[in-house]
Amino acid sequence: MRGKIVLLLLLIFPISVTALNNSSLAIFGEFSGMGPISLEGNDLLLMPKMSFPEGAIGMELIDRLPVYSLNQSIIGAFLSPLQAGASNISVCISPFNLSFYLTGNRGTRDFSGKECAKTSPISNGSNGTSFMLSSSSSGMYSLNFIDENNSSVLIAMPLLITEGQTVLQMPSIVKEEEPFIQVKMNTTAPGNQSKFFAAIMISRKDYENASLGIAKNETTNNLDLNLSLGSKSLQIQGPLKISSELLMNLLPLLPANSAVGLQESTQPGVDLILLPDKSWEKGEYILTGGIYSPRKGLLGIKQSVVEVI
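Residues numbered from 1 in each chain as written. Predicted model: local features only at pLDDT ≥ 70, side-chain atom pairs only at ≥ 80, totals over all residues. Heavy atoms only, no water.

A. Focus on the overall build of the protein chain. Assigned secondary structure in the protein chain consists of 4 helices and 23 strands. Counting only residues that meet the buried cut, the protein chain has 49% of its 309 residues in that class. Looking at the protein chain alone, contacts between residues at least 24 apart form 67% of all its contacts between residues at least 6 apart. By element, 50% of the accessible surface of the protein chain is carried by carbon and sulfur atoms, the whole surface being about 14400 Å². (Helix = DSSP H or I, 4+ residues; strand = E, 2+ residues; numbered from the N terminus. Buried < 20%, exposed > 50% of the residue type's maximum accessible area, 1.4 Å probe, protein only. Contact = heavy atoms within 4.5 Å. Areas by Shrake-Rupley, 256 points an atom, 1.4 Å probe, with all protein chains shown as cover.)

Shown next, in the form of structure tokens:
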């Protein structure tokens, strides 16, 4: 049951709007003041409208979430604002810690023992540097750009690494009178371990109205969350604990014309049936599919668009 809850939370809670298309080149942090970051060959998940406590820094880089699989190299470039010494920049991966972004003071950090790569100057007359690195395990990470002169973090951004990739097969156009939608899901991650396949389909207009507020509770020193979807909202007092009660509180946020499918299997793929509480409404829908293994974690996550006519 816990595995089902985790996967549904991944589909419903952290991710609310998707870019829908694979991206050959994505640009991040154009207005950060620290220089833009470009990443190649990644999928993108766009986060909900988010609000943060006063003093938070770098939160402009949490509007989109790059997604890689373990067999992919992370290739990109960083256009440094430094007029000199741009070559003294390293890129390191560290476990994601939201508090790091909310403190308002990054300061110096020790990245010894972390997975790092030295950047190489771009030979076009700019202060840009390129890099390539990989991670040995899946999970949620921060990509940190380090000034080696003083070991300070120039800029950091989150990214997600999954065990494999999720393949979705379903009709891109569905008639309004269709009672259900069949979705074929497969994973490229090896192994015959038990895993949970889940898919959720929500209209684009409901996605666009989703928002997530994060505020520090001065009494408990934890982060309180407020998730809104359409006209409904849910307040969650930190620290966030995954439980069946939280799942039951989240599901009522889903509009009546949305649908959720879930199945456990040891096979690499399954067929899911998405059946809404009410009939479909015309318009675009966002379909999110994720595969979770209690032993290995998130095996993959993917989005697509479906049009109901």
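B. Region of interest: the pairing of strand E21 (residues 269–274). In E21, alternate side chains face the same way, and those of Val270, Leu272 and Leu274 are buried while those of Gly269, Asp271 and Ile273 on the opposite face are not. Strand direction decides the pairing type here: strand E15 (residues 181–187) and E21, joined by 6 bridges, are antiparallel. Directly across from glutamine 182, in E21, lies its bridge partner isoleucine 273. (Pairing = 2+ DSSP bridges.)

C. Structural detail: the sheet that holds strand E13 (residues 166–169). The strand order E13-E15-E21 describes an open sheet built from 3 strands, whose pairing is antiparallel. Either end of the sheet is taken by a strand with one partner, and the two such strands are E13 and E21. The average angle at which neighbouring strand axes cross in this sheet is 25°, direction not considered. (Axes fitted to C-alpha atoms, helices over the stretch in contact; angles between N-to-C directions.)

D. Region of interest: the sheet that holds strand E14 (residues 173–174). Overall, mixed pairing links the 5 strands, which are arranged E14-E23-E22-E16-E20 in an open sheet. The sheet is open, and its two borders are formed by E14 and strand E20 (259–265), each paired with just one other strand. Examined bridge by bridge, strand E16 (residues 195–203) and E20 share 7 bridges and lie antiparallel to one another. Following the sheet pairing, phenylalanine 197 is matched in E20 by glutamine 263.

E. Seen up close, the side chain of serine 90. Within the secondary structure, serine 90 sits in strand E7 (residues 89–95). Those residues in contact with serine 90 that lie beyond four places of it in its chain are Ala117, Lys118, Asn144, Phe145, Ile146 and Glu148.

F. How the structure looks around the state of the cysteines. All chains considered together, the criterion is met by 1 disulfide. Here cysteine 92 connects covalently by a disulfide to cysteine 116, the sulfurs 2.1 Å from one another. Disulfide cysteine 92-cysteine 116: the torsion about the S-S bond is 110°, which places it as right-handed. One end of the pair, cysteine 92, is in strand E7; the other, cysteine 116, is in strand E8 (residues 115–118), and 24 residues separate them in sequence. Residue cysteine 116 is classed as partly exposed on the basis of its relative accessible area of 38%. (Disulfide = S-S within 2.5 Å.)

G. Expanded view of the environment of alanine 117. Of note, alanine 117 is situated in strand E8. The class for alanine 117 is buried, based on a relative accessible area of 13%. When the C-alpha positions of alanine 117 and valine 91 are compared, they lie 5.3 Å apart, and in sequence the two are 26 residues distant. In this structure, alanine 117 is in contact with Ser90, Val91, Met132 and Leu133, ignoring residues within four places of it in sequence.

H. Expanded view of the pattern of salt bridges. Summed over all chains, the structure comprises 3 salt bridges. With a shortest N-O distance of 3.2 Å, lysine 184 and aspartate 271 are connected by a salt bridge. Note that lysine 184 is positioned in strand E15 and aspartate 271 in strand E21, a separation of 87 residues in sequence. By relative accessible area, lysine 184 is classed as partly exposed at 35%. (Salt bridge = Lys/Arg side-chain N within 4 Å of Asp/Glu carboxyl O.)

I. Just a nonpolar patch on the surface, in detail. Taken together, the side chains of Phe180, Ile273 and Leu275 define a hydrophobic patch exposed on the protein surface, amounting to about 290 Å² of accessible area. Its place among the elements puts phenylalanine 180 in the loop between E14 and E15. Phenylalanine 180 sits in the partly exposed class, given a relative accessible area of 40%. (Patch = residues over 30% accessible without salt bridge, like charges linked within 9 Å, V, L, I, M, F, W, Y side chains within 5 Å.)

J. Up close: the packing of aromatic side chains. A complete count under the given rule lists 3 aromatic pairs for this structure. Between phenylalanine 131 and phenylalanine 145, the ring centres sit 5.5 Å apart and the planes meet at 75°, which makes this aromatic pair edge-to-face. With phenylalanine 131 in strand E10 (residues 128–133) and phenylalanine 145 in strand E11 (residues 139–147), this residue pair connects regions lying 14 residues apart in the sequence. You can call phenylalanine 131 buried: its relative accessible area is 4%. Between tryptophan 280 and tyrosine 285, the ring centres sit 5.6 Å apart and the planes meet at 85°, which makes this aromatic pair edge-to-face. (Phe/Tyr/Trp six-rings, centres within 6.5 Å; stacked < 30°, edge-to-face > 60°.)

K. Examining the confidence of the model for the protein chain more closely. For the protein chain, the mean per-residue pLDDT works out to 76, and 72% of the residues sit at or above 70. Between the elements of the protein chain, mean pLDDT differs from a low of 36, seen in strand E1 (residues 17–18), to a high of 94, seen in E21. (pLDDT = per-residue confidence, 0-100.)

L. Quick look at the nonpolar core. Membership of the largest hydrophobic core comes to 21 residues, with the highest contact counts inside it found for Ile181, Val183, Met185, Met201, Leu274 and Leu287. Of all the secondary-structure elements, those providing two or more residues to this core are E15, E16, E21, strand E22 (283–293) and strand E23 (297–308). In this view, valine 183 contacts Leu168, Gln169, Met170, Val270, Asp271, Leu272, Leu274 and Leu287; residues no more than four positions away in its chain are not counted. One finds Ile74, Ile89, Val91 and Leu159 within the second-largest nonpolar core, a separate group that totals 19 residues. (Core = buried A, V, L, I, M, F, W, Y, C linked by side-chain atoms within 4.5 Å.)

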